[in-house]
Amino acid sequence: MKIVITGSLGNVAKPLTQQLVAEGHDITVISSNENRKQDIESLGATPAIGSITDLDFLTETFQGADAVFVMTPPAISATHIVENTTNAGKNYAEALKNAHVKRAVMLSSVGAASPVENGPIKGLHHIENLYQNVENTSFTFLRAGYFYTNFFNDIPLIQNAGIIGGNYPENIEIPVVHPHDIAKAAAEELVKDQAGKNIRYIVSDNRKASDFASVLGASVQKPELPWVEFSDEDALNGMLQAGLPQDMAELYVEMGKGMRTGMVQKDFIEHGSPVTGNIKLEDFAKEFSSKF
């Protein structure tokens, strides 16, 4: 099959490209970075260098594709994040329609069913709704858990303060996922001959926040590492001090609040809390300790 992958050579797009090339598919990878050209070619794929904000570029790149993997960057800009993420989704929708693409897989998120209390996931909620109205293209909305790799951002806090935490308590269960498990699920969905608009959850593990502290702590010789629940205000100030832009920090605080109230996990739980990924928290802990 001729498949186009967005997301450059990121955490998901790179292993997805490697898997589909190994399966013998003709893969084009979209990247806005000219320097990625050689890396993409070295994986056996064709680079398409351009911006996802450029509708003509997208339409041209999607022409003749049997399937497209569409993902929007987690933070497409420093301000108006939800609006700009949604606009990137609009461009994808328009390009898929213009190029008459029959099959698409969208990287979405646990929490995308909700229009409120989910922070940056709100953009994905709007995009799923947009894609519902794209005629003649079948979609799978791949609702992924919280990326394990986000825990790398907690390393300075663990090293400097000897704690890990968030603005939700230690008994809250959070669905988490490894990018490699997402790539595997996306590869399966892209080659499916499927009609309509479908939801698939991809989650590697579903664990209490206290487990993040104990398992990741043990992997870095800190078995007593505590999970600390921050107030929304303290969480916001901590992110701002760490250099996050105001808009992004506020959205992350809102997402943490949604985890605390259960709004983010609600639809995942109603779908039966499916955990189908292979990489458990204990497996990721080895990766975490090597980064630490």
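An account of the accompanying structure is given in this report. Fair warning: this is a prediction, and the values are worked out from it, not measured in the lab.

Focus on the packing of aromatic side chains
Moving on, step 1. Tallied over the entire structure, the rule returns 13 aromatic pairs.
Moving on, step 2. Ring geometry for F288 versus F292: centroids 6.2 Å apart, planes at 35 degrees, classification tilted.
Moving on, step 3. The class of F292 is partly exposed, set by a relative accessible area of 27%.
Moving on, step 4. Feature note: the residues Y146, F151, Y168, F212 and W227 constitute an aromatic cluster, connected by ring pairs.
Moving on, step 5. Geometry around F152 places K291 over its ring, the cationic atom sitting 5.3 Å from the centre.

Side note on the sheet that holds strand β7 (residues 146–147)
Moving on, step 1. In spatial order, the strands read β7-β9-β11; together these three strands make up an open sheet with mixed pairing. Because the sheet does not close on itself, it has two edges, and the strands there are β7 and β11 (205–208).
Moving on, step 2. With four bridges joining them, strand β9 (residues 173–177) and β11 adopt antiparallel strand pairing. Bridge pairing in β11 links E173 to K208.
Moving on, step 3. Helix-sheet contacts for helix α8 (residues 209–219) involve β9 and β11, and the interaxial angle to β11 is about 95 degrees.

Details of the pattern of salt bridges
Moving on, step 1. With the rule as written, the count across this model stands at 15 salt bridges.
Moving on, step 2. Across the salt bridge formed by K122 and E254, the nearest N and O atoms sit 2.8 Å from each other. Of the two residues, K122 sits in helix α5 (residues 121–132) while E254 sits in helix α10 (residues 246–261), which places them 132 residues apart along the sequence.
Moving on, step 3. Among the salt bridges present, the one from R207 reaches D211, with a minimum N-O distance of 3.0 Å.
Moving on, step 4. Residue R207 is classed as buried on the basis of its relative accessible area, which comes to 15%.
Moving on, step 5. On the accessibility criterion, D211 (23% relative accessible area) is partly exposed.

Rules and cut-offs
- Residues numbered from 1 in each chain as written.
- Predicted model: local features only at pLDDT ≥ 70, side-chain atom pairs only at ≥ 80, totals over all residues.
- Heavy atoms only, no water.
- Phe/Tyr/Trp six-rings, centres within 6.5 Å; stacked < 30°, edge-to-face > 60°.
- Buried < 20%, exposed > 50% of the residue type's maximum accessible area, 1.4 Å probe, protein only.
- Lys NZ or Arg CZ within 6 Å of the ring centre and 35° of its normal.
- Pairing = 2+ DSSP bridges.
- Helix = DSSP H or I, 4+ residues; strand = E, 2+ residues; numbered from the N terminus.
- Contact = heavy atoms within 4.5 Å.
- Axes fitted to C-alpha atoms, helices over the stretch in contact; angles between N-to-C directions.
- Salt bridge = Lys/Arg side-chain N within 4 Å of Asp/Glu carboxyl O.

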